[in-house]
Amino acid sequence: MQALSNAKAGESYTIKWMLGLTEVLDFLHSRHVKEGTTVRVIQRCRESVIIEVQDVRLALGGEIADRIKV
């Protein structure tokens, strides 16, 4: 298991668990980012990760990506 912030670009991963503030988790859940969901890492930038879930693309800051384990 590794943090989403360390995931390789171009690969797909299943989210194992997420930790964070309730507001942040509610936002992510509303965009289908939750445990058991498969996400594809589009690109890793300096302190952020761009992911795709279903038809939605999100840019996550490094602090949030560190709290999502895949």
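Residues numbered from 1 in each chain as written. Predicted model: local features only at pLDDT ≥ 70, side-chain atom pairs only at ≥ 80, totals over all residues. Heavy atoms only, no water.

Here we take up the overall build of the protein chain. A count of helical and extended segments in the protein chain gives two helices and six strands. Going residue by residue from the N terminus, the α and β elements of the protein chain occur as β-β-α-β-β-β-α-β. Taken over the C-alpha trace, the protein chain has a radius of gyration of 10 Å; the compact-globule value for 70 residues is 11 Å, and the two agree within 12%. Taken along its principal axes, the extent of the C-alpha atoms in the protein chain is 25 × 25 × 20 Å. Residues classed as buried in the protein chain amount to 33% of the 70 residues present. A sequence separation of at least 24 residues applies to 53% of the contacts in the protein chain between residues at least 6 apart. Each charge sign in the protein chain was given a centre, from 10 positive and 9 negative side chains, and these centres are 5 Å apart. (Helix = DSSP H or I, 4+ residues; strand = E, 2+ residues; numbered from the N terminus. Rg over C-alpha atoms; globule rule 2.2 N^0.38 Å. Buried < 20%, exposed > 50% of the residue type's maximum accessible area, 1.4 Å probe, protein only. Contact = heavy atoms within 4.5 Å. Lys, Arg positive; Asp, Glu negative; His and termini not counted. Charge placed at Lys NZ, Arg CZ, Asp CG, Glu CD.)

A few words now on the sheet that holds strand 1 (residues 12-14). The four strands lie next to each other as 1-3-4-5, forming an open sheet whose pairing is antiparallel. Whereas interior strands pair on both sides, the edge strands pair on one side only; in this sheet they are strand 1 and strand 5 (56-61). Strand-to-strand twist in this sheet, taken as the mean axis angle between neighbours without regard to direction, amounts to 35°. (Pairing = 2+ DSSP bridges. Axes fitted to C-alpha atoms, helices over the stretch in contact; angles between N-to-C directions.)

Below, the discussion takes up the pairing of strand 4 (residues 48-53). Examined bridge by bridge, strand 3 (residues 38-44) and strand 4 share four bridges and lie antiparallel to one another. Looking at strand 4, one finds that arginine 44 is bridged to valine 49. The antiparallel pairing of strand 3 with strand 4 creates a hairpin that spans three residues between the two strands. Looking at chain direction, strand 4 and strand 5 are connected through six bridges and run antiparallel. Within the sheet, the bridge partner assigned to valine 53 lies in strand 5 and is valine 56. Hairpin connection between strand 4 and strand 5: a loop of two residues separates the two successive antiparallel strands, and glutamine 54 in this loop has a positive phi of roughly 55°.

Inspection of every chain in the model, using the stated rule, returns two salt bridges. With its nearest N and O atoms 3.7 Å apart, the salt bridge here joins glutamate 52 to arginine 57. In this structure arginine 57 comes out as exposed when scored by relative accessible area, which is 53%. Sharing partners across several salt bridges, the network here consists of Arg40, Glu52 and Arg57. (Salt bridge = Lys/Arg side-chain N within 4 Å of Asp/Glu carboxyl O.)

Another point: the environment of glutamine 43. Within the secondary structure layout, glutamine 43 lies in strand 3. Linking glutamine 43 and histidine 29, residues 14 residues apart in sequence, is a C-alpha distance of 21 Å. Excluding residues within four positions of it along the chain, glutamine 43 makes contact with Ala9, Ser48, Val49 and Ile50.

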